[in-house]
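# Structural features, examined
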Amino acid sequence: MNFLEQYNYWIVILLMMSGFYIVIAHGNLIKKLMGLTVFQTSVFILYISISKVIGGTAPILDDQYTVYSNPLPHVLILTAIVVGVATTALGLALAVRIKEAYGTVEEDVIQEKDLQQEGSAE
Amino acid sequence: MIQHLPILQVIIPLLAAPICFILKEARLVRWFVLIANVMAFVISIMLLQQVNLHGTLVYSLGGWEAPVGIEYRIDELNAYLLILVTSISTITLMAAGKSLTKEIPESKITYFYIAYMLCLTGLLGIVTTGDAFNVFVFLEISSLASYTMIAMGNDRRSLWASYQYLIMGTIGATFILIGIGLMYMMTGTLNMYDLAERLPEVEHTKTVFTAFAFFLVGVCLKLALFPLHLWLPNAYAYAPSIATVFLAATATKVAIYVLLRFIFSVYGFEFSFSHLPLTEILVSLGLLGVIAASIVAIYQTNIKRLFAYSSVSQIGYMILGIGIGSKTGLTATMLHLFNHALMKSAIFLALAGVVYRVGSVNIKAFAGLGKQMPWTMAAIVVGGLSLIGVPLTVGFVSKWYLVLALLESNWWPIAVLVMIGSLLAIAYIWRLVEVAYFKPALQNNQSYKEAPLAILIPAWIFVIANIYFGIDTSFTVGVSEKTAELLFGGAR
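Just so it is clear, the model here is predicted, and its values are computed rather than measured. (Residues numbered from 1 in each chain as written. Chains lettered and ligands numbered in written order. Predicted model: local features only at pLDDT ≥ 70, side-chain atom pairs only at ≥ 80, totals over all residues.)

## Observations concerning the nonpolar core
With 220 residues, the main nonpolar core has B:Met117 and B:Ala346 as its most contacted residues. Beyond its immediate stretch of four places on either side in the chain, B:Met117 contacts B:Pro13, B:Ala16, B:Ala17, B:Cys20, B:Val33 and B:Ala36. (Core = buried A, V, L, I, M, F, W, Y, C linked by C-beta atoms within 7 Å. Buried ≥ 20, exposed ≤ 12 C-beta atoms within 10 Å, placed from the backbone. Contact = placed C-beta atoms within 7 Å.)

## Regarding the interface of chain A and chain B
The interface of chain A with chain B comprises 27 residues on the first partner and 22 residues on the second. Looking at the side of chain A that touches chain B, the elements that each hand over two or more residues are helix 2 (29-51), helix 3 (71-102) and helix 4 (107-121) of chain A. Among the elements that make up the side of chain A that touches chain B, the one with the highest residue count is helix 3 of chain A (13 residues). Classifying every residue of the side of chain A that touches chain B gives 19 nonpolar, 4 polar and 4 charged. (Helix = DSSP H or I, 4+ residues; strand = E, 2+ residues; numbered from the N terminus. Nonpolar A, V, L, I, M, F, W, Y, C, P; charged D, E, K, R; others polar.)

## Let's talk about the packing of helix 16 (residues 374-388) of chain B against helix 19 (residues 453-471) of chain B
Residue and element names in this part refer to chain B. Relative orientation of the contacting elements helix 16 and helix 19 amounts to 30°, with a least axis distance of 10 Å. Comparing their axes, helix 19 and helix 16 come out roughly parallel. For the element pair helix 16 and helix 19, the recorded crossing hand is left-handed. Of the residues in helix 19, those touching helix 16 at Trp375, Thr376, Ala379, Val382, Gly383 and Ser386 are Leu456, Ala459, Trp460, Val463, Asn466 and Ile467. The residue makeup of the contact of helix 16 with helix 19, split by class, is 8 nonpolar, 4 polar and no charged. (Axes fitted to C-alpha atoms, helices over the stretch in contact; angles between N-to-C directions. Parallel < 35°, antiparallel > 145°, perpendicular 65-115°, else oblique. Left-handed = near helix turned anticlockwise from the far one by under 90°.)

## Re the confidence of the model for chain A
Any residue range with low pLDDT should be treated as having predicted coordinates unsuitable for detailed reading. For chain A, per-residue confidence averages 87 on the pLDDT scale, and 95% of positions sit at 70 or higher. By mean pLDDT, helix 4 of chain A is the weakest element of chain A at 82, and helix 3 of chain A is the strongest at 92. (pLDDT = per-residue confidence, 0-100.)

## Some points on unusual backbone geometry
Residue and element names in this part refer to chain B. Cis geometry is adopted by the peptide bond preceding proline 227, which originates at phenylalanine 226 and carries an omega value of 0°. Looking at the secondary structure, you find proline 227 in the loop between helix 8 (206-222) and helix 9 (232-238). One non-glycine residue, alanine 224, lies in positive phi territory at about 60°. The phi dihedral of asparagine 410 is positive, around 60°, even though this residue is not glycine. In this structure, asparagine 410 sits in the loop between helix 17 (394-408) and helix 18 (412-438).

## Looking at helix 1 (residues 7-25) of chain A
When the terminal C-alpha atoms of helix 1 of chain A are compared, their 27 Å separation across 19 residues agrees well with the 27 Å that a helix rising 1.5 Å per residue should span. For helix 1 of chain A, the secondary structure elements touched by its buried residues are helix 2 of chain A together with helix 6 (157-187) of chain B. (Expected span 1.5 Å × (residues − 1).)

## Considering helix 18 of chain B
An ideal rise of 1.5 Å per residue puts 39 Å on 27 residues; helix 18 of chain B measures up with 37 Å between its terminal C-alpha atoms. Listed in full, the buried residues belonging to helix 18 of chain B are B:Ile414, B:Val418, B:Gly421, B:Leu424, B:Ala425, B:Tyr428, B:Ile429, B:Leu432 and B:Ala436.

## Focus: the packing of helix 2 (residues 26-54) of chain B against helix 3 (residues 76-103) of chain B
Residue and element names in this part refer to chain B. Running from N to C, helix 2 and helix 3 cross one another at 160°; their axes reach a closest spacing of 9 Å. Taken together, the axes of helix 2 and helix 3 are roughly antiparallel relative to one another. Helix-helix and strand crossings are classified by hand; for helix 2 and helix 3 the assignment is left-handed. Listed contacts from helix 3 to Arg30, Val33, Leu34, Asn37, Val38, Ala40, Phe41, Ser44, Ile45, Leu47, Leu48 and Val51 of helix 2 are Glu76, Ala79, Tyr80, Leu82, Ile83, Thr86, Ser87, Ser89, Thr90, Leu93, Ala96 and Gly97. Residues of the contact of helix 2 with helix 3, tallied by class, amount to 15 nonpolar, 7 polar and 2 charged.

Okay, structure coming up:
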């Protein structure tokens, strides 16, 4: 098996790891969410490339074609995309409210303020 | 009507959510939501009756037979879990009216109920469905709803807790999605029943192992297995009290159900325990969770956070029971799943009463409360005794079975560690008891009245259940043994 033959999976892994890295390494809440989106998108590509049949067309019913991609993963991933959009929207809404409440969207500043609050409560 | 029960179980809370939007008026919504919950509870009981009469119920959504359509499958395990979730959610809602007016601005109460119903929909959906992808969808419905509920807490830290949970939860859900995708890749089906039949043919491929690993990590994130529990303490501590009760008692339990379903029914005992070092992984992580989370709990000053850490350690016991890989171990897990839901609902509901009167759950605020709010504090103490595992409470029954299972496998050092875990529980419960009963009330404290009956009665329903099922164990042990047998039976 050729190394490059399954390049689609390499792209998936690359995207997944870079998304994951952004989530972990960045302190900015918005950037974290963007990383999360990249991470989720990589899984969408994984599903879509699973369903690809070499030489197949789009799954449209037509007498001309007999070989076509598996439509089921496409449908599944439409659902997952909707879920992803909802998650991102909710995450951004939370980021807005965090900005209002804390005056910042930087993780370390928020944690510092939380520590101060806990310290003064005691 | 009767044959449509499985879908009605999910559809009723799902439809109730948008209707709340139309009703708008918080008081109206409250009664409406309660009625919808009672209906869901009645349906879950009818479902159990049907299962007892006819065996496993299979329902094809929209008349499309599996594997083309989505299939809902209800056997005894699902039926009992549905009853657990709906009964706890109904009783919790009885206290919601009072508790929420104190903790959430009036204008947001309707939205809280909507999120609550959607969360319930998601949890019930996870339990009823027999389709792997459907599990993911319902998991996300319940998660998104719980992020919203947590963010409604009146402390700004609730926002930060909700955000952290969102990041971790989404990573977990995406892992589950990857796992399901890889399973589909190898078998061409998403139906759990079909998966169980087709996976053995390809069980030696790396893809199937990878799928299992991704799925396992994803679910463990959701059920807050140590060390993937970091989202849980803050989320429980700063969420509105009612949300804490509901999530602590049901959400993690449903995640454990998903874990059990995939380990035992879909992959099968053979694959999970002989091809993979699952015993070693689960037992060591479970034990670490029990010990480490209990120690951290001892040092908490926020009592809600203290009990949140205690939840992490109790989840450790359940995972330990699975890890033993014997029927008795699984019985212990099932028992503890049920019992822990009772304990934590009693404790967190009583804490909701404390928040209602005192407005704080800092340990200092508890000084003298033992005299001022005797019934509320007694509920917490009984719940605490149950957490420790004192005889005549439910906690004792499940710990007994867990230790029994460990001794059965000749793992007595681990049994000793489990006992040490219980001792640590005594330490953190004692800290609270000492402050509440033996410290005089602070000078400038006005004296607090007992928590309102609307909160106290639901809390005491759980307390009495704690004691009742601790004395009369035939029902819970019978059910747990039956479901453990069912899971060990492999493909349903």
